[in-house]
Amino acid sequence: KTIEVKTDLQAKETGRVYVEYESRGKLSGISKSNADYYCFIITEKSFIIIKTDKLKEKCRKYLNTHLDKKGGDNNTSKGILLPLIDLIC
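Residues numbered from 1 in each chain as written. Predicted model: local features only at pLDDT ≥ 70, side-chain atom pairs only at ≥ 80, totals over all residues. Heavy atoms only, no water.

## Structural notes on the side chain of Thr-52
This is how the line gets drawn: Counting from the N terminus, the helices are DSSP H or I runs at least four residues long and the strands are E runs at least two residues long. In this scheme, a residue with accessible area under 20% of its type's maximum is buried, one over 50% is exposed, and one in between is partly exposed, where area comes from a 1.4 Å probe on protein chains only. The contact criterion used is simple: two residues touch if any of their non-hydrogen atoms lie within 4.5 Å.
If you trace the backbone, Thr-52 turns up in helix 2 (residues 52–60). On the basis of relative accessibility, which here comes to 3%, the residue Thr-52 falls in the buried class. Setting aside residues up to four positions removed in sequence, Thr-52 forms contacts with Ile-30, Ala-35, Asp-36, Tyr-37 and Tyr-38.

Here it is as structure tokens:
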């Protein structure tokens, strides 16, 4: 099994993780990942692991909503600001 590891230390403050799906007009991040699982490091001592398919399902419901945001370097990426509660429920 494979795991994609992402660090989002702002998640502790915002209550959300940023899940990228596009960069510079091309699919990226979760849209292209072949990993079986995603691991989000939230603090130095806490992390959340979720099946990639389940993460995609949770993100889809936020496409084209107020949680579908530009981000990354120079706001050239698109992603979902997924609430932490969605990762654990």
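From this point on, the discussion continues.
## Quick notes on the sheet that holds strand 1 (residues 3–7)
The condition is simple: Should DSSP find at least two bridges between two strands, the strands are regarded as paired. For helices, the fitted axis covers only the stretch in contact; all axes are lines through C-alpha atoms, and the angles between them, taken along N-to-C directions, range from 0 to 180 degrees.
Read across the sheet, three strands follow the order 1-4-5 without closing on themselves; strand pairing throughout is mixed. The open sheet has two edge strands, strand 1 and strand 5 (46–51), and neither has a second partner. Strand-to-strand, the axes of this sheet are offset by a mean angle of 20°, without reference to chain direction. In this sheet, strand 5 lies alongside strand 4 (residues 37–43) in antiparallel orientation, the contact comprising six bridges. Each residue of the ladder has a partner; that of Tyr-38, found in strand 5, is Ile-50.

## As for the pairing of strand 4
Taken together, the five bridges between strand 1 and strand 4 define a ladder with parallel strand orientation. Looking across to strand 4, one finds that Ile-3 is bridged to Tyr-37. Between the antiparallel neighbours strand 4 and strand 5 lie two residues.

## Points about the sheet that holds strand 2 (residues 16–23)
In any sheet, the strands associate via hydrogen bonds between backbone groups, in a parallel or an antiparallel arrangement. One open sheet accounts for four strands, arranged 3-2-7-6; its pairing is antiparallel. Edge positions in the open sheet fall to strand 3 (26–27) and strand 6 (68–71), since each of these has one partner strand only. In the sheet, strand 2 pairs with strand 3 via two bridges, with the strands oriented antiparallel. Looking across to strand 3, one finds that Ser-23 is bridged to Lys-26. Packing of helix 2 onto the sheet brings it into contact with strand 2 and strand 7 (77–83), and relative to strand 7 it is tilted by some 95°.

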